[in-house]
Amino acid sequence: MPTSVLEKEMINQRIHGFLRDNPHLDGLFFATNFLAFEGLSALSDLGKRIPEEIKAISFDDHYFFNLYQPTISAIEQPLELLADKLMESMLYQLDKENAPKITLKTVLPNKLNIRGSSLNTQRVK
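These lines cover the structure that appears in this document, whether it is placed above or below.

Rules used in this analysis
- Residues numbered from 1 in each chain as written.
- Predicted model: local features only at pLDDT ≥ 70, side-chain atom pairs only at ≥ 80, totals over all residues.
- Heavy atoms only, no water.
- Pairing = 2+ DSSP bridges.
- Helix = DSSP H or I, 4+ residues; strand = E, 2+ residues; numbered from the N terminus.
- Right-handed = clockwise from strand over helix to strand, strands pointing away.
- Expected span 1.5 Å × (residues − 1).
- Contact = heavy atoms within 4.5 Å.

## A word on the pairing of strand β2 (residues 55-59)
- As judged from the 4 bridges shared by strand β1 (residues 27-30) and β2, these two strands associate in the parallel manner. The residue bridging Gly27 from the neighbouring strand is Lys55, located in β2.
- This β-α-β element, β1 to helix α2 (residues 33-45) to β2, shows right-handed connectivity.
- The sheet contact formed by β2 and strand β3 (residues 73-76) spans 3 bridges and is parallel. Its bridge partner being in β3, Ile57 is matched across the sheet by Ser73.

Laid out in structure tokens, this is it:
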């Protein structure tokens, strides 16, 4: 996350530039909540209508996405399970302090919450 107003403004300008340089995009996938918030702001600044002109989805859900109009589609991560697995991993590493370091891999389920920002708005004839 940005630590200053200057960094936030720089990110906003980059998103604006990307959207202006790619006018034919039909959808955006934001990798973080922060980027989604900034991207939605940029889309609004540029007068882009969601989902009629461009669709939007974010990785990692946020309660704000249910309040925004249209509601924003998002991939929901299992935060409690993620925290549990992180603690398990850290405790394992601490317990095996003198053992060789290993890489632990954990795959966790995600849930796609489809909302208004990614719905098909074209009418079938």
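## Quick notes on α2
- Under the 1.5 Å per step criterion, the end-to-end length of α2 is 18 Å for 13 residues, consistent within 8% with the ideal 18 Å.
- Residues of α2 that are buried sit in contact with α1 (5-21), β1, β2 and α3 (64-67).
- Looking one or two residues beyond α2, the residue adopting positive phi is Gly47, at roughly 75°.

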